[in-house]
Structures are given as structure tokens and as C-alpha cells.
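Residues per chain are reported as follows:
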Amino acid sequence: MAARLIRITGRVQGVGFREWMVGKAQRLGIAGWVRNRRDGSVEALLAGDEPSLGQLLTACRAGPPGASVSAIEEDFAEPPDHPGFLRLPTL
């Protein structure tokens, strides 16, 4: 299982990005979490097979309707210690 920690910047809060990402991740069988950050970005831990991660990362570059993604930072990470994909509180 591969894992990535990503930070998405642009107009990504107030447009339903977290809920959209939860739905996409669940459909792709990706584990992890997503949360808003106080700096206006969205942060997520994604874990799954490489093809599914690639599909979700590609989808995140466009985001849900109303979003305008300017950049995605991506780092390797350790997989989460829980199953499923969670929406966490703002950090």
C-alpha cells in the first residue's frame, strides 16, 4: 500500500472539497483522511494502490465545482492506522 500526504491550495475551502474528496476516496477504495487548514488549504493523507492514488490525485487537480486548485504539494507518508476515509476537523 502506497501513501501520500498532500496539501491543496487555491480556492479549496467553502466549495465542498472535503465532502467531495471523501466520496471519491471511498469509491476508489482509498484509506486516510482530509481536513481544512486554517491557512486556507486542504490537507489529506491518502493510502491505497498506485493506480487509485493516481486517479484521486488527478481528480484533485480539478476539484469539485466551484474549486480553483492552484497547486498540490505531495510527500510520501506512512499509511493510516485505521480503515476507511475520514473527514477530520480543521487544524
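Residues numbered from 1 in each chain as written. Predicted model: local features only at pLDDT ≥ 70, side-chain atom pairs only at ≥ 80, totals over all residues. Heavy atoms only, no water.

In the nomenclature of an unreviewed UniProt entry, the protein corresponds to Acylphosphatase from the organism Plastoroseomonas arctica. The Catalytic activity (unreviewed entry) comment attached to the protein in UniProt states, word for word, "an acyl phosphate + H2O = a carboxylate + phosphate + H(+)". (UniProt positions renumbered as here; feature names shortened; annotations may be inferred.)

(A) Geometry of the pattern of salt bridges. Under the criterion given, the structure shown has seven salt bridges. The residue Glu19 makes a salt bridge to Arg87 at a minimum N-O spacing of 3.0 Å. With Glu19 in helix H1 (residues 17-28) and Arg87 in strand S5 (residues 85-87), this residue pair connects regions lying 68 residues apart in the sequence. Residue class for Glu19 comes out partly exposed when judged on its relative accessible area of 41%. A salt bridge links Arg35 to Glu43; the shortest N-O distance between them is 2.8 Å. Connected via shared salt-bridge partners are Arg7, Arg35, Arg37, Asp39 and Glu43. (Salt bridge = Lys/Arg side-chain N within 4 Å of Asp/Glu carboxyl O. Helix = DSSP H or I, 4+ residues; strand = E, 2+ residues; numbered from the N terminus. Buried < 20%, exposed > 50% of the residue type's maximum accessible area, 1.4 Å probe, protein only.)

(B) Structural detail: helix H2 (residues 50-62). Given a rise of 1.5 Å per residue, 13 residues ought to cover 18 Å, and the 19 Å separating the end C-alpha atoms of H2 matches this to within 8%. All of the buried residues along H2 are Ser52, Leu53, Leu56, Leu57 and Cys60. Projected down its long axis, H2 shows its buried positions confined to an angular sector of 130°, all on one face. Relative to its buried face, H2 has exposed residues pointing more than 90 degrees away, namely Pro51, Thr58 and Ala62. Residues of H2 that are buried sit in contact with strand S1 (2-11), H1, strand S3 (42-48) and strand S4 (68-76). (Expected span 1.5 Å × (residues − 1). Arc of directions from axis to C-beta. Contact = heavy atoms within 4.5 Å.)

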